[in-house]
Amino acid sequence: MSGVFAVINENSNLNFEEFIGSLEEYGYGSILYEVVGKGIIGMVSSVKCLKKQDFIESFGDVTVCLSGYFYRDELQRISKLSCPRIIFEWYTNNKLSSIKKFTGNFSFILYDASKEKIIIGNDISGQNRIFFKHEKNSLIVSPKLESLVKLLNNKPELHKNS
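Residues numbered from 1 in each chain as written. Predicted model: local features only at pLDDT ≥ 70, side-chain atom pairs only at ≥ 80, totals over all residues. Heavy atoms only, no water.

### Structural notes on the sheet that holds strand E3 (residues 39-45)
Strand order in the open sheet formed by 5 strands is E2-E3-E1-E9-E8, with antiparallel pairing between adjacent strands. Only two strands of the sheet have a single partner each, and these edge strands are strand E2 (30-36) and strand E8 (131-135). The average angle at which neighbouring strand axes cross in this sheet is 10°, direction not considered. Taken together, the 7 bridges between strand E1 (residues 2-9) and E3 define a ladder with antiparallel strand orientation. The partner of serine 2 across the bridge, within E3, is serine 45. Running at roughly 165° to E1, helix H1 (residues 16-24) makes contact with E1, E2, E3 and strand E9 (138-142) of the sheet. (Pairing = 2+ DSSP bridges. Helix = DSSP H or I, 4+ residues; strand = E, 2+ residues; numbered from the N terminus. Axes fitted to C-alpha atoms, helices over the stretch in contact; angles between N-to-C directions. Contact = heavy atoms within 4.5 Å.)

Next comes the structure, spelled out in structure tokens:
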């Protein structure tokens, strides 16, 4: 089980440590993150001993975090690039929509500090779930709905069967 997360907040009233703590409750083997602009982006995985540089990379003002993998046989011509760099290249060449053509099990967050822009995506099957809440000047993204709800002031009732 893996996924991406982010907490981007203009007002600094969200507690990053509380959010990371809520993710730790699920027993992830690795929680990797990077401070970016006015927040953090990162990934969680049930696999232990992952290296941050394999999943989170910065390219100037742009930081990309990837959870999961692309099937390499589809990436032969660009297989020497890291997966975060592939997403960065698609972004800089305005070809991010081409991600629909690739298969695998992945989710990603791209944060462009200079444009104050965030792009969140995943594979076509949606195996890496992405839940988010956007309100005023803050954004919370989580692979676990319960972790996201813990940070909300007005907590909705969650129905497990729906």
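Following the structure, the description resumes.
### Side note on the sheet that holds strand E7 (residues 117-122)
What the 4 strands build is an open sheet, ordered E4-E5-E6-E7; its pairing is antiparallel. Strand pairing shows two members of the sheet lacking a second neighbour, strand E4 (56-59) and E7, which therefore form its edges. Mean inter-strand twist for the sheet, computed between neighbouring axes without regard to direction, equals 15°. Bridge count between E4 and strand E5 (residues 62-70): 4 bridges; the pairing is antiparallel.

### Quick look at the packing of aromatic side chains
By convention here, two paired aromatic rings are described through the distance between centres and the angle between planes. With the rule as written, the count across this model stands at 1 aromatic pair. Here phenylalanine 59 and phenylalanine 88 contribute two aromatic rings whose centre-to-centre distance is 4.3 Å and whose plane-to-plane angle is 15°, an arrangement assigned as stacked. Here phenylalanine 59, found in strand E4, pairs with phenylalanine 88, found in helix H2 (residues 83-92); they are 29 residues apart in sequence, far enough to count as distant. Residue phenylalanine 59 shares its accessibility class with phenylalanine 88, and that shared class is buried. (Phe/Tyr/Trp six-rings, centres within 6.5 Å; stacked < 30°, edge-to-face > 60°. Buried < 20%, exposed > 50% of the residue type's maximum accessible area, 1.4 Å probe, protein only.)

### A few points about the pattern of salt bridges
Counted under the stated rule, the structure contains 2 salt bridges. Among the ionic pairs, lysine 52 bridges to glutamate 34, the shortest N-O distance being 2.8 Å. With lysine 52 in the loop between E3 and E4 and glutamate 34 in strand E2, this residue pair connects regions lying 18 residues apart in the sequence. With relative accessibility at 34%, the residue lysine 52 sits in the partly exposed group. Note on glutamate 34: relative accessible area 25%, which makes it partly exposed. Between glutamate 89 and arginine 85 there is a salt bridge; the shortest N-O distance is 3.2 Å. Here glutamate 89 and its partner arginine 85 are both found in helix H2, 4 residues apart, which amounts to about one turn of the helix. (Salt bridge = Lys/Arg side-chain N within 4 Å of Asp/Glu carboxyl O.)

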